[in-house]
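What the coordinates show
Each chain is listed here by its residues.
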Amino acid sequence: MGRARVPDRADTVAVAHGLFNIVGGLWPLVHLRSFEWVFGPKADDWLQMTTGGLLVSAGVAQLAAAPGPQGPVQARRIGLGTATTLLAIDLIYVPKGRIRPTYLLDAAMQTGWIAAWLRSAAGASR
């Protein structure tokens, strides 16, 4: 009798982060008014739509990559790149007053994703 493959930590992070990116990306696409209520009105709706679409694309790529043999490595690259970029934007533009302090909640989430990816990489090397 064969054993079912138990997902490792990187698989789990890939799926969770992928879903997070999809949901976060869909939010301004589906209901811009509630997104702007939380994160502030935007001068350029197209920019919110572009960012949302890119996050959905990144999330779909993470979900698609997760089950493959090299999937977690690819999902980690996408996840770290996405989280680092969003974290940098949050930390640069909140202090400048260009975006609301509620983006610091996003900064905390992105920091958590970076930490999860780094922990999953450390677990894989054991």
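Residues numbered from 1 in each chain as written. Predicted model: local features only at pLDDT ≥ 70, side-chain atom pairs only at ≥ 80, totals over all residues. Heavy atoms only, no water.

1. Here's the deal with the overall build of the protein chain
On a plain count of helices and strands, the protein chain comes out with five helices and zero strands. Along the protein chain, from the amino end to the carboxyl end, the secondary structure elements read α-α-α-α-α. Within the span of the protein chain, comprising 126 residues, buried residues form 37% of the whole. As presented, the protein chain carries roughly 7,800 Å² of accessible surface, and 68% of it is formed by carbon and sulfur atoms. (Helix = DSSP H or I, 4+ residues; strand = E, 2+ residues; numbered from the N terminus. Buried < 20%, exposed > 50% of the residue type's maximum accessible area, 1.4 Å probe, protein only. Areas by Shrake-Rupley, 256 points an atom, 1.4 Å probe, with all protein chains shown as cover.)

2. Brief notes about helix 3 (residues 45–65)
In this model, helix 3 (21 residues) spans 30 Å end to end at C-alpha, consistent with the 30 Å of a helix rising 1.5 Å per residue. Among the residues making up helix 3, those that are buried are Gln48, Gly52, Leu55, Val56, Ala58, Gly59, Gln62 and Ala65. (Expected span 1.5 Å × (residues − 1).)

3. Digging into the UniProt feature "transmembrane region" (unreviewed entry) in the protein chain
As annotated in UniProt, the feature "transmembrane region" (unreviewed entry) corresponds to residues 12–30 and 46–66 in the numbering used here. Measuring from the first to the last C-alpha atom of residues 12–30 gives 26 Å, for a span that is 100% helix and 0% strand. For the annotated span residues 46–66, helix accounts for 95% and strand for 0% of the residues, and the straight-line distance between the end C-alpha atoms is 30 Å. (UniProt positions renumbered as here; feature names shortened; annotations may be inferred.)

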